[in-house]
Amino acid sequence: MKRPSMLALPLSGLLAGLVACGGGEAKPPVTKPVVDTPKPIAIDTSAVAAPAGLAAEGHATSAKAFFDVARDWFNAPVPGGDKLSRDFVGADVGDLLDPSAPVDFAVQMDEGQLVPAYAFGSTVKAGIDVKAAFAKGFAAKAGENGSTLFEKKVDAADDEGDDIVRSSRVCLAWQAALTDRTRLVCGSPAGVKALSAYIVRTLPTKAYASDLHIDVFVNHIQKPLKMGLNLAKGQLPPGLGDGLGDVGQLLGDVGKLSIDGKINGDRIDGGLHLTFTSAESKAGKAFVESQARTAPAPAAFYKLPVDVDAAFYTQGMGGDGAMLDQLFSKRPGISDLFKGKVKDLLKKPVVLGHGVDLVAAKAAVDAVAAEKDEVKKITAQAKAQSAFDGYFAVRFEEKSDTVKALVDEANKVSEDERKAHEKADAAKAKEAKDASRPVRPMIVEKTTTSPETFGLPKGTVHYIRTTTVTTVGAPGRVEDAPAKGQKSPPKPVSKPPVKVTTEKHVFLVPDGAATWAYVGADPKGLSETAKKVVGADKPLAARAGLDVITKGVANSGGFVTPKFFAVVDSVGPRHVYSQKGVTAEAIARVSRPIADTPIPVAVRATKPEADAPKGVYELVMQLPKAAVDALVRKP
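The rules behind these values
- Residues numbered from 1 in each chain as written.
- Predicted model: local features only at pLDDT ≥ 70, side-chain atom pairs only at ≥ 80, totals over all residues.
- Heavy atoms only, no water.
- Helix = DSSP H or I, 4+ residues; strand = E, 2+ residues; numbered from the N terminus.
- Buried < 20%, exposed > 50% of the residue type's maximum accessible area, 1.4 Å probe, protein only.
- Contact = heavy atoms within 4.5 Å.
- Areas by Shrake-Rupley, 256 points an atom, 1.4 Å probe, with all protein chains shown as cover.
- Expected span 1.5 Å × (residues − 1).
- Polar contact = N/O pair within 3.5 Å; in protein donor to acceptor, adjacent residues only side chain to side chain.
- Core = buried A, V, L, I, M, F, W, Y, C linked by side-chain atoms within 4.5 Å.
- pLDDT = per-residue confidence, 0-100.
- Salt bridge = Lys/Arg side-chain N within 4 Å of Asp/Glu carboxyl O.
- Pairing = 2+ DSSP bridges.
- Disulfide = S-S within 2.5 Å.
- Phe/Tyr/Trp six-rings, centres within 6.5 Å; stacked < 30°, edge-to-face > 60°.
- Axes fitted to C-alpha atoms, helices over the stretch in contact; angles between N-to-C directions.
- Parallel < 35°, antiparallel > 145°, perpendicular 65-115°, else oblique.
- Left-handed = near helix turned anticlockwise from the far one by under 90°.
- Nonpolar A, V, L, I, M, F, W, Y, C, P; charged D, E, K, R; others polar.

## A few points about the overall build of the protein chain
Here's step 1: Looking only at helices and strands, the protein chain has 18 helices and 20 strands in total.
Here's step 2: The 635 residues of the protein chain split such that 38% are buried.
Here's step 3: In the protein chain, of all internal contacts separated by at least 6 residues, the share reaching a separation of at least 24 is 70%.
Here's step 4: As displayed, the protein chain has an accessible area near 35,600 Å², and 59% of this comes from carbon and sulfur atoms.

## Considerations on helix α12 (residues 374–389)
Here's step 1: When the terminal C-alpha atoms of α12 are compared, their 23 Å separation across 16 residues agrees well with the 22 Å that a helix rising 1.5 Å per residue should span.
Here's step 2: Regarding α12, the residues found buried are I378, A380, Q381, A382, A384, Q385, S386, F388 and D389.
Here's step 3: Residues of α12 that are buried sit in contact with β12 (350–355), α11 (358–370), β13 (391–396), β16 (499–511), α16 (562–570) and α17 (584–590).
Here's step 4: Two or three places before V375, at the start of α12, stands the capping residue D373, its side-chain oxygen 3.1 Å from that residue's backbone nitrogen.

## Some thoughts on the nonpolar core
Across soluble globular proteins, nonpolar side chains show a tendency to be buried alongside one another.
Here's step 1: Core analysis: the largest hydrophobic core is formed by 27 residues, its most contacted members being F301, L304, W516, Y518, L540, I549 and F559.
Here's step 2: Those elements that place two or more of their residues in this core are β11 (310–314), β13, β16, β17 (514–520), α14 (523–534) and α15 (547–550).
Here's step 3: Contacts of I549, omitting those with residues within four sequence positions, involve A297, F301, Y302, Y313, G558, F559, P600 and V601.
Here's step 4: With 17 residues, the next largest nonpolar core counts I334, V342, L345 and L508 among its residues.

## A few points about the confidence of the model for the protein chain
Here's step 1: Across the protein chain, pLDDT averages 82, with 79% of residues at or above 70.
Here's step 2: By mean pLDDT, the top-scoring element of the protein chain is β11 (97), and the lowest-scoring one is helix α1 (residues 8–20) (34).
Here's step 3: For the stretch residues 1–24, pLDDT sits under 50, and the model shows two contacts to residues farther than four places along the chain or on other chains.
Here's step 4: Counting interchain partners and residues more than four positions distant, the pLDDT-below-50 stretch residues 161–166 has 14 contacts.

## Overview of the pattern of salt bridges
Two side chains with opposite charge may pair up if their charged atoms get near one another.
Here's step 1: Counted under the stated rule, the structure contains 26 salt bridges.
Here's step 2: In this structure, D629 and R633 form a salt bridge, with 3.0 Å as the shortest nitrogen-oxygen distance.
Here's step 3: Assessed through its relative accessible area of 15%, D629 is described here as buried.
Here's step 4: Looking at R633, the relative accessible area reads 29%, which means it is partly exposed.
Here's step 5: What you see here is one network of salt bridges that share partners, running through K64, D68, R71 and D72.

## Topic: unusual backbone geometry
Here's step 1: Unusually for a residue other than glycine, N75 sits at a positive phi of about 60°.
Here's step 2: With respect to the helices, strands and loops of the structure, N75 is situated in the loop between α2 (63–74) and α3 (81–89).
Here's step 3: Positive phi is not limited to glycine here, since F454 has a value of about 55°.
Here's step 4: Here F454 shows up in the loop between β14 (442–450) and β15 (461–470).

## Thoughts on the environment of N75
Here's step 1: With relative accessibility at 45%, the residue N75 sits in the partly exposed group.
Here's step 2: As for N75 and D629, which are separated by 554 residues in sequence, their C-alpha atoms are 9.6 Å apart.
Here's step 3: A polar side-chain atom of N75 sits 3.0 Å from a polar atom in the side chain of R633.

## A word on the pairing of β13
Here's step 1: A large share of β13 lies buried, amounting to five of its six residues.
Here's step 2: Of the pairings in the sheet, the one linking β12 to β13 comprises six bridges and is antiparallel in character. In the sheet register, V351 faces β13, and the bridge partner there is R395.
Here's step 3: When β13 meets β17, the two strands line up antiparallel, connected through five bridges. The residue of β17 that forms the bridge with A393 is Y518.

## Details of the state of the cysteines
Here's step 1: Considering all chains together, one arrives at one disulfide under this definition.
Here's step 2: With its sulfur 2.0 Å from that of its partner, C171 forms a disulfide with C186. Looking along the S-S bond of the C171-C186 disulfide, the torsion reads about 110°, which is the right-handed sense. A residue pair is termed long-range when its members are at least 10 positions apart, and C171 in strand β6 (residues 163–174) and C186 in strand β7 (residues 183–187) qualify at 15 residues. Neither C171 nor C186 differs from the other in exposure class; each is buried.

## Section: the packing of aromatic side chains
Here's step 1: Counting across every chain of the model gives 10 aromatic pairs.
Here's step 2: Taken together, a centroid distance of 5.4 Å and an interplanar angle of 80° make the contact between F301 and Y302 edge-to-face.
Here's step 3: Overall, Y302 belongs to the buried group, its relative accessible area being 11%.
Here's step 4: The interplanar angle of 70° and the centroid separation of 5.3 Å between the aromatic rings of F301 and Y313 together place this pair among those described as edge-to-face. Highlighted residues: F301 in the loop between α8 (282–290) and β11 and Y313 in strand β11, separated in sequence by 12 residues. The two residues F301 and Y313 agree in class, both being buried.
Here's step 5: Pairwise contacts between aromatic rings join F105, Y118 and F120 into one cluster.

## Details of the environment of G318
Here's step 1: As for its position among the elements, G318 is in the loop between β11 and α9 (322–328).
Here's step 2: The spatial distance from the C-alpha of G318 to the C-alpha of N555 is 10.0 Å, given a sequence separation of 237 residues.
Here's step 3: Every residue in contact with G318, bar those within four places of it in the chain, is listed here: A286, E289 and R293.

## Focus: the packing of α12 against α16
Here's step 1: With their axes 10 Å apart at the nearest point, α12 and α16 run at an angle of 150° to one another. Looking at the two axes, α12 sits roughly antiparallel to α16. Viewed along their axes, α12 and α16 form a crossing whose handedness is left-handed. Facing α12, whose interface residues are Q385, F388 and D389, α16 presents A566, V567 and S570.
Here's step 2: Class assignment of the residues belonging to the contact of α12 with α16 gives a composition of three nonpolar, two polar and one charged.

## Topic: the environment of L346
Here's step 1: With respect to the helices and strands, the residue L346 is situated in helix α10 (residues 336–346).
Here's step 2: Using a relative accessible area of 24% as the deciding quantity, one classes L346 as partly exposed.
Here's step 3: Separated by 31 residues in sequence, L346 and Q315 have C-alpha atoms that sit 9.0 Å apart.
Here's step 4: Look past the residues within four positions of L346 in its chain and what remains in contact with it is G316, M317 and L324.

Listed below in structure tokens is the structure:
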């Protein structure tokens, strides 16, 4: 058998292929294009450690909650969605943020840095295209961990014609498994870079007991704080500058300052906490000392009249009384013995209350309105002011003889100072060339004792402090245009000064081993108040709204009411009674029941704990909506 030739083999293969293909033309093999499928970005949602130099951090449950309070409580304007987003971003991006979402922030300060880096984080509204919102005026680029960084463009270009990106505030958008909506972080460029991961991955995982919580890590920023204090100290007078030095020493003892606010229905609960890590400063040592005096309010606190508009107590002053020394330094006539006795007195518990007899105050105000004589009206206004000033009741845990000796020395120092001022004023008046100029206001105070004690307990001492004020003469009214036949209008003619004399009465009333001091303008009304207090059975304990005081321990505490603020607001310079003072409107404001709503506060020193080796100094308070209404809403 003859073997096929070498040529026949490939030909037969080709024929077989043609037969198999149905006799059609040959087609090249089909190849599919290779597509590179990008791998999904692995986004890290785990919490990160606090960044180095963390100066502060904070959390708010929502902007809306606080906007509601601002609008409904304080009648304050509330920003719309566009403005809220503009303030947050630093540019017009439309209604971008969800006002009901939490807001977190952080601040960073490195050593030697006086301008902090900062960033805020919140949540974008559902359905918002963030890239579209930032399309105009921003340059977008990929950031770390699946984020997008937006930097604001400026109207400038480099040599190659490209936009220059330079902004004092940038934003970073980030979305991950821990949220179904985009988180937006905006702030300074350095702040967004250093703090964004901490804001979006760590702060939202923390548990907060309040609607607003702020931590300031004082121990992390000691150098920047001291640099700032030293700069400020150089701009202040020596006395105030020394005070800043004391503040700097105190800050060296503080580890952290925390602020809390909780919206609790018709009340806001607030708190401030200082965590002490050491006690090297004078204030730090006084704080540690005060921990032993944290206790319930003194029983005498509850003996104050139930209608007082302010009341406070202290368990006693701690430390060496350095603050008193600064006050005494301005009164060179005070003896060292007096200073020592005052310090000893204030190291014991002290109770203080203030009240107003509104019936008497209203009668005095009505007398002002009825008075037609201009000079007599000024005197009537002075009496009305004294009536509205009300009374003070102060209790010292010291025998009345000791308190009387201190009062007598204080009166002597005051009298010596009065005589010195009189002599100086007489010399100035003699040197004055223009006798027609109004005499500057002169205030002369003199204290005497009175045998009348109005039936108060044996041993009561009654002082009368008389104050004579020479008021500033008010310019007479003149016409703006000159009278007929005159070239120019007449010069203003000052009305003659008016002397106004008022009295304050002081009763020192023994109460066992303690002493009550009462100060007021009406001796009869004052004595009646004193009698009620001496025989009282804790009337103040029945007053509502004082749980902060009655159900806890503290070093000091008390409350103030809108009525008291109205009294303080009415007090004008004593030499211009005719221009400012108590009015019928003020009486109407404080006569409303809501004006008696207490705003309680307590300050306490707690003992050391794990993160506070030297303890925590805390201030807690409650702000009722009714009190705010009385302050901001007119009758």
